[in-house]
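In case you want the letters, here they are:
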Amino acid sequence: MSEVAFITGATRGIGKKIALTFAKEGYNICINYRKETDDLDVLKSEIEANNVKCLFVKADVSNFEECENAVKSIIEKFGQIDVLVNNAGITKDMLLARMKPEDFKSVLDVNLVGTFNVTKNVLPYMMKARSGRIINISSVVGISGNAGQTNYSASKAGIIGFTKSLAKEVASRNILINAVAPGFIETDMTNVLKPEIKEQIAKNIPLKRMGTAEDVANVVKFLASKDSSYITGQVINIDGGMLM
Ligand SMILES: NC(=O)c1ccc[n+]([C@@H]2O[C@H](COP(=O)([O-])OP(=O)(O)OC[C@H]3O[C@@H](n4cnc5c(N)ncnc54)[C@H](OP(=O)(O)O)[C@@H]3O)[C@@H](O)[C@H]2O)c1
């Protein structure tokens, strides 16, 4: 039986690229999504073209019960989850002076509590199997901070603390947990920036370009693979050298 990878928020952006990259590696793929779209059938065919199985599970990651049901349906179909990628995330940028309490809370609820909700439901199966990999998508701003992103950077810093603590809790069960911290990656999340702002950002990056979803997916693939079997509790920056 092929290994099973579960990726949250995987119908577009970085999550989708991770799902497609894992499918090429031969994993059966479970894609979490929040909204129904016409594109789901196209993505399913793209995944299955690699001769792997693909299951879509609907859940808002900020809702514990929905995550519980999503994990149950994966276990019903595949009986195991070998790799979990906590990728679903949102931004609601605003200077703190103007940030509404609900905009602070909702970003924490999706990015950080969502990571807890999914992990908490997946972990018992990995514990039983005495094996598993969890890769959490943090961000460089969780390390460096960023004006206008107190909510987002707090959530991403929280993910780093979560990753390290859980890595210590479950290392003895052969469950390896790491985080990646992408810099500026070209997706819908950064497409809200004006082209001239993006150009300015790229100029200040040592590698002189924004990253691609593929740049992130390749590192996540490594962290899920046997090649990284002596790495846990780490944060790997994928940022073209922005943060050194
Ligand atoms: N792009 C960057 O520069 C960058 C940099 C550092 C870190 N990251 C992180 O990388 C991850 C992916 O970002 P991206 O750039 O690919 O963003 P994106 O294009 O905006 O995609 C975000 C994905 O998360 C899903 N999602 C959002 N809220 C959800 C919820 N409550 N429950 C389930 N799914 C939910 C979205 O689903 P819908 O389609 O339903 O909205 C979408 O599939 C995020 O955690 C982000 O913080 C991105």
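Scoring rules and cut-offs
Residues numbered from 1 in each chain as written. Predicted model: local features only at pLDDT ≥ 70, side-chain atom pairs only at ≥ 80, totals over all residues. Helix = DSSP H or I, 4+ residues; strand = E, 2+ residues; numbered from the N terminus. Rg over C-alpha atoms; globule rule 2.2 N^0.38 Å. Buried ≥ 20, exposed ≤ 12 C-beta atoms within 10 Å, placed from the backbone. Expected span 1.5 Å × (residues − 1). Bend = angle between axes of the 7 residues up to and from the residue. Pairing = 2+ DSSP bridges. Axes fitted to C-alpha atoms, helices over the stretch in contact; angles between N-to-C directions. Contact = placed C-beta atoms within 7 Å. Near = placed C-beta within 6 Å. Nonpolar A, V, L, I, M, F, W, Y, C, P; charged D, E, K, R; others polar. Left-handed = near helix turned anticlockwise from the far one by under 90°. Core = buried A, V, L, I, M, F, W, Y, C linked by C-beta atoms within 7 Å. Arc of directions from axis to C-beta.

A. Quick peek at the overall build of the protein chain. Looking only at helices and strands, the protein chain features 9 helices and 7 strands. Relative to the compact-globule value of 18 Å for 244 residues, the protein chain shows a C-alpha radius of gyration of 17 Å, a close match. When its C-alpha atoms are laid out on the principal axes, the protein chain stretches across 50 × 35 × 35 Å. Residues classed as buried in the protein chain amount to 43% of the 244 residues present.

B. Representation of helix α4 (residues 101-129). With 29 residues, α4 ought to run about 42 Å at 1.5 Å a step, and its terminal C-alpha atoms sit 41 Å apart, in line with that. The largest bend in α4 amounts to roughly 40° and is located at V113. The positive-phi residue at the C-terminal boundary of α4 is R130, with phi of around 50°.

C. Inspection of the sheet that holds strand β4 (residues 83-86) at higher detail. The strand order across the open sheet formed by 7 strands is β3-β2-β1-β4-β5-β6-β7, and the pairing between neighbours is parallel. Taken across any chain shown, the strands that pair with only one partner, and hence form the sheet edges, are β3 (54-58) and β7 (235-238). Each strand of the sheet is rotated relative to its neighbour by a mean of 20°, with strand direction disregarded. Contacts between α4 and the sheet are confined to β1 (4-7), β4, β5 (132-137) and β6 (175-182), with β4 contributing the most and set at about 170° to the helix.

D. Layout of the site of the ligand. Around the ligand, 28 residues are found, and the nearest of them are G9, G13, A88, G89 and T187. Looking at the shell around the ligand, the elements with two or more residues in it are α1 (13-24), α4 and α7 (188-191). Of the residues that constitute the shell around the ligand, the class distribution is 10 nonpolar, 13 polar and 5 charged.

E. Representation of the packing of helix α3 (residues 64-78) against α4 in the model. Across the interface, α3 lies against α4 with an axial gap of 8 Å and an inter-helix angle of 35°. Two packed elements cross with a definite hand, and for α3 against α4 that hand is right-handed. Across the interface between the two elements, F64, C67, E68, V71 and I75 from α3 touch N117, V118, N121, V122 and Y125 from α4. Class assignment for the residues of the contact of α3 with α4 results in 7 nonpolar, 2 polar and 1 charged.

F. Focus on unusual backbone geometry. For R130, which is not glycine, the phi dihedral falls at a positive 50°. Among the structural elements, R130 can be located in the loop between α4 and β5. Here R130 falls in the exposed class, since 11 other C-beta atoms lie within 10 Å of it. Positioned with a positive phi, K208 is a non-glycine residue whose angle comes to about 60°. On the neighbour-count criterion, K208 (10 C-beta atoms within 10 Å) is exposed.

G. Looking closely at the pairing of β4. Neither face of β4 is left uncovered, since the one carrying V83 and V85 and the one carrying L84 and N86 both have all their residues buried. Of the strand pairs in this sheet, β1 and β4 are connected by 3 bridges, and their pairing is parallel. Looking at the pairing, F6 lines up with L84 of β4. Sheet topology note: the β4/β5 ladder contains 4 bridges and is parallel. By the bridge assignment, L84 is partnered in β5 with I134.

H. Inspection of the nonpolar core at higher detail. Of all hydrophobic cores here, the largest spans 62 residues; its most connected members are A5, F6, I18, A19, I29 and V220. Sort the elements by how many residues they give to this core and α4 lands first, with 7 residues. Here I29 is in contact with A5, A19, F22, A23, I47, V52 and C54, once residues within four sequence places are set aside.

I. Structural detail: α3. With 15 residues, α3 extends 21 Å from end C-alpha to end C-alpha; this agrees with the ideal 21 Å at 1.5 Å per step. Regarding α3, the residues found buried are C67, A70, V71 and I74. Across the axial projection of α3, the buried residues extend over an arc of 95°, all falling on one side. Those residues of α3 that are exposed and angled more than 90 degrees off the buried face are E65, K72 and E76. On the buried face of α3, the contacting elements are β1, β2 (28-33), β3 and α4.

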